[in-house]
Amino acid sequence: MPGLMERLRSEALLVADGAWGTELIRRGLDVLREPADSWNLSRPDAVAEVAGLYAPHADMLSTNSFGASRTRLTPFGLEENTAAINTRAVEIARNALRTRPSTRRPSGLIAGALGPVRGPGRTQPDDGALAEVYREQASHLAAAGASFLVLETMTDLKEALIAVKAARSACTLEVVCSFAFREGPTGHFDTWSGHAVEEALNSALDAGAAMVGANCVPATGSLLALVTDMRDLMGARPLWLKPNAGQPGSQPDATGRLTLHYPHPLRGLSLDSLCDALGHGIIGGCCGTTPEDIAVLRNEIDRRATRM
């Protein structure tokens, strides 16, 4: 099967999936009691349902393993299940891709997802221990059959570079490094650790990432400026982009239960303008985006392809 970068040599834009955590929350996940990744073992039916909804429209499925590092599983007493949770995440994605309706498109890719390890309220491993945590998870995802690895929602540049190097040392898979840039009061974006977009992207490439980009940035008008800046910086290189649906609020559903409401669904953007700005790479959705968003995105990408 062609790898990620090989696919991108023949296709301008590929469609990624949307959010996983918020879809599982809609199905009853309580993130204060259990991590989303644990459902790979305890509720694989729900994880498979989400995968099955994304699979018909996406060129790749992420694994439900964003928080499945040993460090992030430890507070829940699940550290000894690290290998099993990551392995099952890949299996669920693979099964969904195998059973999706037949299309003329090439087989789908499996993006082995890894999220930040350091963070508020978590154990803060030193640099050497941090690298080993990433190596362990990357090894499990690679051994289970992921097509490539994606480091998502990286907020600290130092951690991101440790993660890229660790993942590269763990396996031969291509590594994507995606930053959660924030918009400052002047309208400029940077990492949460205070590094400019240019420094973050170039440093990740220098560390060995095959592709860089952004995720979990709100799908508002400012997003277009960020994508344009990244494209100017990266030239012809493909970019990774998975915006979120904005900061959620709560509203009651038909039964009176409070549910998350997102103000900026991906399908509310001018997808044509966003795809024009991105030009070459991968586009999907992050927190709050849904299978419906990805279906609309798929239609837009297919429409553009017939125009060319």
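As shown above, the structure is provided for reference.
It should be emphasised that the depicted structure is a prediction, and the values quoted were computed from it without experimental measurement.

Draft legend 1. Local environment of the overall build of the protein. A count of helical and extended segments in the protein gives 12 helices and 12 strands. What you see for the protein is a C-alpha radius of gyration of 18 Å, in line with the 19 Å of a compact globule of 308 residues. Principal-axis analysis of the C-alpha atoms places the extent of the protein at approximately 50 × 50 × 45 Å. Classification of the 308 residues of the protein by burial places 52% in the buried group. The contacts of the protein with a sequence gap of at least 6 include a subset with a gap of at least 24, amounting to 74%. About 13000 Å² of surface is accessible on the protein, with carbon and sulfur atoms providing 52% of the total. Charged side chains in the protein number 30 positive and 35 negative. The centres of these two groups are separated by 4 Å.

Draft legend 2. Layout of the pairing of strand β9 (residues 239-244). Along β9, 6 of the 6 residues are buried, which leaves the element largely enclosed by surrounding structure. The pairing of strand β8 (residues 211-218) with β9 spans 5 bridges and is parallel. Pairing of Ala 214 across the sheet is with Leu 241, part of β9. The parallel pair β8 and β9, bridged by helix α10 (residues 221-234), forms a crossover whose chirality is right-handed.

Draft legend 3. Fine view of the sheet that holds strand β3 (residues 109-114). As summarised here, the arrangement of the 8 strands in space is β1-β12-β9-β8-β5-β4-β3-β2, forming an open sheet in which the pairing is parallel. Among the strands making up the open sheet, the edge pair consists of β1 (13-15) and β2 (60-62). Going across the sheet, the axis of each strand differs from the next one's by a mean of 25°, ignoring polarity. Across 3 bridges, the pairing between β1 and strand β12 (residues 281-283) is parallel. Note on β12: the bridge partner recorded for Leu 13 is Gly 281. Across the face of the sheet, helix α6 (residues 82-99) comes into contact with β2 and β3 while running at roughly 155° to β3. Here helix α11 (residues 271-278) sits on the sheet and contacts β1, β9 and β12; the angle it forms with β12, its principal contact strand, is near 155°.

Draft legend 4. Structural detail: the packing of α10 against α11. Contact geometry of α10 with α11 gives a least axis separation of 8 Å together with a crossing angle of 20°. It follows from the interaxial angle that α10 and α11 lie roughly parallel. Viewed along their axes, α10 and α11 form a crossing whose handedness is left-handed. Counted together, Leu 223, Leu 224, Val 227, Thr 228 and Arg 231 of α10 and Ser 273, Leu 274, Ala 277 and Leu 278 of α11 form the full contact between these two elements.

Draft legend 5. A look at the nonpolar core. If you look at the biggest cluster of nonpolar residues, it comprises 74 residues, and the most contacted ones within it are Tyr 134, Leu 149, Cys 177, Phe 179, Phe 181, Val 212 and Leu 226. Excluding anything up to four places from it in sequence, Val 212 contacts Cys 177, Leu 201, Ala 204, Leu 205, Met 234, Pro 238, Leu 239 and Trp 240. Within the second largest apolar cluster, 15 residues are counted, among which are Leu 4, Leu 8, Leu 14 and Trp 240.

Draft legend 6. Structural view of the side chain of Thr 289. Note that Thr 289 resides in the loop between β12 and α12 (291-307). There is a polar contact of 2.6 Å between the side chain of Thr 289 and the backbone oxygen of Cys 286.

Draft legend 7. Structural detail: the environment of Arg 94. By the secondary structure assignment, Arg 94 is in helix α6. Classification of Arg 94 as partly exposed rests on a relative accessible area of 22%. Spatially, the C-alpha atom of Arg 94 lies 9.9 Å from that of Ala 144, the residues being 50 residues apart in sequence.

Draft legend 8. Structural detail: the environment of Asn 202. Note that Asn 202 resides in helix α9 (residues 197-207). Between the C-alpha atom of Asn 202 and that of Leu 233, which follows or precedes it by 31 residues, the distance is 8.8 Å.

Draft legend 9. Geometry of α11. Those residues of α11 not exposed but buried are Leu 271, Leu 274, Cys 275, Ala 277 and Leu 278. Projected onto a plane normal to the axis of α11, the buried residues spread over an arc of 160° and lie on a single side. Residues of α11 that are buried make contact with β1, α10, β9, β12 and α12. Count one or two residues on from α11 and you reach Gly 279, which has phi positive near 75°.

The rules behind the values
All residue numbers refer to positions counted from 1 along the written sequence of the respective chain. Note on the predicted model: pLDDT of at least 70 is required for a residue's local features to be given, and 80 or more for side-chain atom pairs to be given and counted; whole-chain, interface and lining totals, by contrast, use all residues. Water and hydrogen atoms play no part in the side-chain values, which are based on all heavy atoms of the structure. Secondary structure elements are defined from DSSP: runs of H or I of at least 4 residues count as helices, runs of E of at least 2 residues count as strands, and each element is numbered from the N terminus. The size measure is the radius of gyration over C-alpha atoms, and the globule rule it meets is 2.2 Å times the number of residues to the 0.38 power. Three exposure classes are used, based on accessible area relative to the maximum for each residue type with a 1.4 Å probe and protein chains only: buried under 20%, partly exposed in between, and exposed over 50%. Whether two residues are in contact is decided by their heavy atoms: any pair within 4.5 Å suffices. In these tables, accessible area is a Shrake-Rupley quantity obtained with a 1.4 Å probe, and a residue counts as shielded only by the protein chains included in the view. In this charge count, Lys and Arg are treated as positive and Asp and Glu as negative; neither His nor the chain ends contribute. To locate a charge, take atom NZ for lysine, CZ for arginine, CG for aspartate or CD for glutamate. We treat two strands as partners when DSSP finds at least two bridges between them. Call a crossover right-handed when, viewed with both strands pointing away from you, the route from the first strand across the helix to the second goes clockwise. Working convention: axes come from line fits to C-alpha atoms, limited for helices to the stretch in contact. Angles between N-to-C directions cover 0 to 180 degrees. Convention used here: angles under 35 degrees read as roughly parallel, angles over 145 as roughly antiparallel, angles from 65 to 115 as roughly perpendicular, and any remaining angle as oblique. Note on convention: near helix rotated counterclockwise from far helix by under a right angle means a left-handed crossing. Clockwise means right-handed. As used in this record, nonpolar core signifies buried Ala, Val, Leu, Ile, Met, Phe, Trp, Tyr and Cys residues forming a set joined through side-chain atoms within 4.5 Å. Polar contact is defined as a pair of N or O atoms within 3.5 Å, subject to the rule that within protein one atom must be able to donate a hydrogen and the other to accept it, and that residues adjacent in sequence are counted only when both atoms are side-chain atoms. What the arc describes is the spread of directions from the helix axis to the C-beta atoms.

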